[in-house]
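Structure assessment
Here is how the chains run, residue by residue.
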Amino acid sequence: MVLTLTTTPMLLYPDTYYDYSISLEGHSYIVEMIYNERSKLYYMNLYDSDRNPVFLGQALIPTYPLAIDYALTNLSGWFWLENNSALISEPYKTYPDRIDKYYKLYYSYIAS
């Protein structure tokens, strides 16, 4: 059996609130991003195609496998916020309106 790491690029926008539809592991989902000024973080909510919550309020933290420890129906992978280059500071906190310039977001899973 050959295992393959499959990665799906996800969209990041400079807006403080947005949502969009995406297919992950062959199922349709709605990704909702909300910026919280107090914590200076973006939070991700994931809904199924009927807008039933899959998970809510997951903070986007760079280079940390988001949702890897969740038991999610139809999802076996993790979300990953990757730095575009070697960063010394935390531009996701300093320049939240430019998150799409400093980072890339991916969903990855191991397929057999």
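Residues numbered from 1 in each chain as written. Predicted model: local features only at pLDDT ≥ 70, side-chain atom pairs only at ≥ 80, totals over all residues. Heavy atoms only, no water.

**Side note on the sheet that holds strand β4 (residues 41-48)**
- A sheet is described by the order of its strands in space; here four strands give the open sequence β2-β3-β4-β5, paired in antiparallel fashion. In this open sheet, the two strands that pair with only one neighbour each are β2 (17-24) and β5 (53-59). Across this sheet, the average inter-strand angle for adjacent strands is 20°, counted without regard to direction.
- Two elements, β4 and β5, share four bridges in a ladder whose sense is antiparallel. Residue pairing for β5: L46 is matched across the bridge by F55. (Pairing = 2+ DSSP bridges. Helix = DSSP H or I, 4+ residues; strand = E, 2+ residues; numbered from the N terminus. Axes fitted to C-alpha atoms, helices over the stretch in contact; angles between N-to-C directions.)

**Considering the side chain of N45**
- Following the sequence through the fold, N45 ends up in strand β4.
- Among the residues examined, N45 registers a relative accessible area of 8% and is labelled buried.
- At 2.7 Å, the side chain of N45 forms a polar contact with the side chain of E32.
- In this structure the side chain of N45 is engaged in a polar contact, spanning 2.6 Å, whose partner is the backbone nitrogen of G57.
- Excluding residues that lie within four positions of it along the chain, N45 makes contacts with I30, V31, E32, I34, F55, L56 and G57. (Buried < 20%, exposed > 50% of the residue type's maximum accessible area, 1.4 Å probe, protein only. Polar contact = N/O pair within 3.5 Å; in protein donor to acceptor, adjacent residues only side chain to side chain. Contact = heavy atoms within 4.5 Å.)

**Focus on a nonpolar patch on the surface**
- Together, M1, L3, L5 and I110 give the surface a local cluster of nonpolar side chains, amounting to about 510 Å² of exposed area.
- Along the chain, I110 falls in strand β7 (residues 103-111). (Patch = residues over 30% accessible without salt bridge, like charges linked within 9 Å, V, L, I, M, F, W, Y side chains within 5 Å. Areas by Shrake-Rupley, 256 points an atom, 1.4 Å probe, with all protein chains shown as cover. Salt bridge = Lys/Arg side-chain N within 4 Å of Asp/Glu carboxyl O.)

**Details of the nonpolar core**
- Residues M10, L12, M33, M44, L60 and F79 are the most contacted members of the largest nonpolar core, which totals 26 residues.
- Taken together, the elements giving at least two residues each to this core come down to β2, β3 (27-36), β4, β6 (78-83) and β7. (Core = buried A, V, L, I, M, F, W, Y, C linked by side-chain atoms within 4.5 Å.)

**Details of the sheet that holds strand β1 (residues 4-10)**
- Read from one edge to the other, the open sheet built from three strands follows the order β1-β7-β6, with strand pairing classed as antiparallel. In the strand order of this sheet, the two ends are held by β1 and β6, each with one partner. Strand-to-strand twist across the sheet, computed as the mean angle between neighbouring axes with direction ignored, equals 35°.
- Note: β6 against β7, six bridges, orientation antiparallel. In the strand pairing of β7, W78 is matched with S108.

**Thoughts on the side chain of S108**
- Assignment of secondary structure puts S108 in strand β7.
- Within the local environment of S108, its side chain forms a polar contact with the side chain of T7, the two groups lying 3.2 Å apart.
- Sequence-distant contacts of S108, that is, excluding residues within four places in its chain, are made with L5, T6, T7, G77 and W78.

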